[in-house]
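Chain and residue survey
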Amino acid sequence: MSILITNIHQLVQVHPNNVMLVKGNDMKVLPIMENAYVYIEHDTIIEYGPMTECEGFDPETTIDATNKLVIPSWCDSHTHLVFAGNRSKEFVDKINGLSYEEIAARGGGILNSADQIANTSLDDLYTQSLIRLNQVIALGTGAIEIKTGYGLETEAELKMLKVIGKLKKDSQAFILPTLLAAHAIPDMYKSDKTSYVNQIINNLIPKAAALKIAKYIDVFCEKGYFSVEDMDKILAAGKNYQLQPKVHVNQFNILGGVPAATGHNALSVDHLELLDENDINALAQSNTIPVALPGCSFYLGIPYTPARRIIEAGLPLALASDYNPGSAPSGNMNFVVSLACVKMKLSPEEAINAATINGAYAMGISSMYGSITRGKKANLIITKPMGHYREIAYNFGDNPVDQVIINGKLWA
Ligand code: NIG
Ligand code: FE
């Protein structure tokens, strides 16, 4: 299988030398090549260059991208895409004035999704999730992290993990599975959280690790959910099974989760709607990438992650969708990029860097994804006609994607 894309108006995120992530001031730079071509064989970017040098190829398929752009597929490093049913009733409660915390306190929220998972078969859960996965692929996502976390008891968590494993096997998208071992405290453990944490450590983590599906481990470190001490214990247990942390911290309160997570060599710390100097200092001394989830801030009406402070401190930043039924019921990364520009004051260059190469870093795959580099995986978006990449962010709510190439194949 070989594809030649010709007459590309702007080839975006071109790096002759491979990059792993971009930080601080470097995020302002988004390298492009105008009037360019890309040549793909099997699943790999083999060559690119100016049209004047496009010679000697004998592709099976040629795509004329006149007036269009080619950019690397979105790398969405934080999703809860596997869930059952939806929580649209809670959406109405929210419109009527209830907060996320108030909805959760009434038995809604994560516990509501856990009830729905309990009543859904593995096959049905797979079918529901595959529809969403295919929707986000069509919107340009080529690599995606997917978490468990709505099981809240061992068998249901393993069911979720198996669904993620089957999606990973069946889909052309590159999927990174995360065991969100500690997402909420089930009712039966309400007055005995320690037993629940022990149950996660002694039962869930070993059984999940035996399936060899999960790569990462996550904890929701928040008041009313899991403390820093709980997170410490769970991450240490995960480490025994080579599960690297990617954690939910600082969504509603600063509990000290950021320095604790960097201390565990977390790959990413996600949410950070609140952030203090101590957190910035901990991040500056680590290889952990901060991940902002503006779709969650938009939907819940909570503060946006202080992206300018993060970038001006010289740190990297990734953007992800947080696709889930309760706090971000959309996996549309095009909208996430727009929101980041409008609400977090990222430049289009910074936002596209955050949603491609830095998103890939936040999944540990930036050596193979997230930029147009020879030898990297051919996961590309061909946009609708547009004059400049900044229009992707500018035309919020539009779908800029015309065609998607995923794993070297044209996505129908
Ligand atoms: O990332 N904050 C915790 N977890 C999810 C929301 C989960 C839910 O409400 O279903 C999040 O926002
Ligand atoms: Fe999340």
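Residues numbered from 1 in each chain as written. Chains lettered and ligands numbered in written order. Predicted model: local features only at pLDDT ≥ 70, side-chain atom pairs only at ≥ 80, totals over all residues. Heavy atoms only, no water.

1. Re the coordination of the iron ion (ligand 2)
Here the iron ion (ligand 2) is held by the protein donor atoms H78 (NE2), H80 (NE2), H248 (NE2) and D322 (OD), which lie 2.1 to 2.2 Å from it. Taken in chain order, the donor set of the iron ion (ligand 2) reads H-x1-H-x167-H-x73-D. Taken as a pair, H78 in the loop between β6 (74-76) and α1 (88-95) and D322 in the loop between β13 (318-319) and α12 (333-344) lie far apart in primary sequence, 244 residues in all. Neither H78 nor D322 differs from the other in exposure class; each is buried. (Donors = N, O, S within 2.8 Å, 3.2 Å for Na, K, Ca; no water. Helix = DSSP H or I, 4+ residues; strand = E, 2+ residues; numbered from the N terminus. Buried < 20%, exposed > 50% of the residue type's maximum accessible area, 1.4 Å probe, protein only.)

2. Some points on the site of ligand 1
Lining the immediate surroundings of ligand 1 are 15 residues, of which R87, Y100, Y150, Q251 and S327 lie closest. Compared with its free state, where it exposes 330 Å², ligand 1 has 100% of that area covered by protein. Applying the majority rule of atoms within 2 Å of the grid points places ligand 1 in the largest cavity. (Near = heavy atom within 4 Å. Areas by Shrake-Rupley, 256 points an atom, 1.4 Å probe, with all protein chains shown as cover. 1 Å grid on protein atoms, 1.4 Å probe; cavity = no way out; pocket = protein on both sides within 12 Å on 5 of 7 lines; lining within 4 Å. Sits in = over half its atoms within 2 Å of the grid points.)

3. Notes on the environment of K246
Its place among the elements puts K246 in strand β10 (residues 244-249). Considering only alpha carbons, one finds K246 and I217, 29 residues apart in sequence, at a separation of 6.1 Å. Setting aside chain neighbours within four positions, we find K246 in contact with S77, E145, T178, Y216, I217, D218, V219, L267, S268, A362 and M363. One polar contact links the side chain of K246 to the main-chain carbonyl oxygen of S77, over a distance of 3.4 Å. (Contact = heavy atoms within 4.5 Å. Polar contact = N/O pair within 3.5 Å; in protein donor to acceptor, adjacent residues only side chain to side chain.)

4. Structural notes on the state of the cysteines
The full count for this structure, using the stated rule, is zero disulfides. With no disulfide of its own, C296 lies 16 Å from the sulfur of C221, the closest cysteine sulfur. Residue C341 stays outside any disulfide, its sulfur separated by 17 Å from that of C75, the closest cysteine. (Disulfide = S-S within 2.5 Å.)

5. Thoughts on the pattern of salt bridges
Overall, the coordinates contain 15 salt bridges when judged by the stated rule. Among the ionic pairs, K190 bridges to D187, the shortest N-O distance being 3.5 Å. Put simply, D230 and K193 hold a salt bridge, and the shortest N to O gap is 2.6 Å. Note that D230 is positioned in helix α7 (residues 228-239) and K193 in helix α6 (residues 193-211), a separation of 37 residues in sequence. (Salt bridge = Lys/Arg side-chain N within 4 Å of Asp/Glu carboxyl O.)

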